[in-house]
Amino acid sequence: MSVNEVKIKPATIQFELRGTGPLTSRTFVIGDEDHTLGNALRHVLINDARVDFAGYCVPHPSEPVVHIRVQTATGGKDTSLTATEAVKEACATLEKQCDFVMEELEKALPEVREDREWMERLVAEELQQAVEDEEEE
């Protein structure tokens, strides 16, 4: 580890929902995430016409936590959307966008597909080994 490198401890909170009052206004605290997820979700959320406000912050660089604030429009019954529903939809949209980018990348660069498949096999083997180790204990 170099002098300027800092080891960040895992987050104590994996997920927390904050806020009281109307369901259209909530803050989502997500552990072990940073600006990458925060800005991507904010971008997807703000492009939804039913979302009045979407923002995120990382309270401190040494805390591996991102806060995502969402406020949705409080229109009629047909247009009302809770903050939780908005975040779920944004996550689904973001997942589809990532899948699309990965598919296009794998078409252009077949070695990317090979690397992904190798990593998936490696993770599956590690999970299998962990299960076997637990069974032995």
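Above this note sits the structure.
So, how was this worked out
Residues numbered from 1 in each chain as written. Predicted model: local features only at pLDDT ≥ 70, side-chain atom pairs only at ≥ 80, totals over all residues. Heavy atoms only, no water. Phe/Tyr/Trp six-rings, centres within 6.5 Å; stacked < 30°, edge-to-face > 60°. Helix = DSSP H or I, 4+ residues; strand = E, 2+ residues; numbered from the N terminus. Buried < 20%, exposed > 50% of the residue type's maximum accessible area, 1.4 Å probe, protein only. Pairing = 2+ DSSP bridges. Axes fitted to C-alpha atoms, helices over the stretch in contact; angles between N-to-C directions. Contact = heavy atoms within 4.5 Å. Polar contact = N/O pair within 3.5 Å; in protein donor to acceptor, adjacent residues only side chain to side chain. Parallel < 35°, antiparallel > 145°, perpendicular 65-115°, else oblique. Nonpolar A, V, L, I, M, F, W, Y, C, P; charged D, E, K, R; others polar.

## What about the packing of aromatic side chains?
Enumeration according to the criterion identifies one aromatic pair in this entry. Seen in terms of ring centroids, phenylalanine 15 and phenylalanine 28 are 6.3 Å apart; in terms of plane orientation they differ by 40 degrees. Their pairing is tilted. Taken together, the residues span a long stretch of sequence, with phenylalanine 15 in strand S1 (residues 15–18) and phenylalanine 28 in strand S2 (residues 25–31) at a distance of 13 residues. By relative accessible area, phenylalanine 15 is classed as exposed at 52%.

## Section: the sheet that holds S1
The antiparallel open sheet is built from four strands, whose spatial order is S1-S2-S4-S3. Edge positions in the open sheet fall to S1 and strand S3 (51–57), since each of these has one partner strand only. Pairwise comparison of adjacent strand axes, ignoring direction, gives a mean angle of 15 degrees for this sheet. In this fold helix H1 (residues 35–46) packs onto S2, S3 and strand S4 (65–72), with an angle of close to 170 degrees to the strand it touches most, S3.

## What to know about the environment of glutamate 16
Tracing the backbone through its elements, the reader meets glutamate 16 in strand S1. For glutamate 16, a relative accessible area of 28% puts it in the partly exposed group. Residues glutamate 16 and isoleucine 30, spaced 14 residues apart in sequence, show a C-alpha to C-alpha distance of 6.7 Å. Contact partners of glutamate 16, with chain neighbours within four places excluded, come to Thr27, Phe28 and Val29. A distance of 2.4 Å separates polar atoms of two side chains, one belonging to glutamate 16 and the other to arginine 18.

## A short note on the packing of helix H2 (residues 83–108) against helix H3 (residues 110–136)
Interhelical geometry of H2 versus H3 gives an angle of 120 degrees and a closest axis separation of 4 Å. Between H2 and H3, the angle falls in the class oblique. Two secondary-structure elements touch here, H2 through Met102, Leu105, Glu106, Lys107 and Ala108 and H3 through Pro110, Val112, Arg113 and Arg116. Of the residues belonging to the contact of H2 with H3, the class tally is five nonpolar, no polar and four charged.

## Details of the side chain of histidine 67
In this fold, histidine 67 is placed in strand S4. A relative accessible area of 18% places histidine 67 in the buried class. Those residues in contact with histidine 67 that sit more than four places away from it in its chain are Arg18, Thr27, Phe28, Val29, Gly55, Tyr56, Cys57 and Pro59.

## Concerning the side chain of glutamate 106
For glutamate 106, the position within the fold is in helix H2. Discounting chain neighbours no more than four positions away, the residues touching glutamate 106 are Val112, Arg113 and Arg116.

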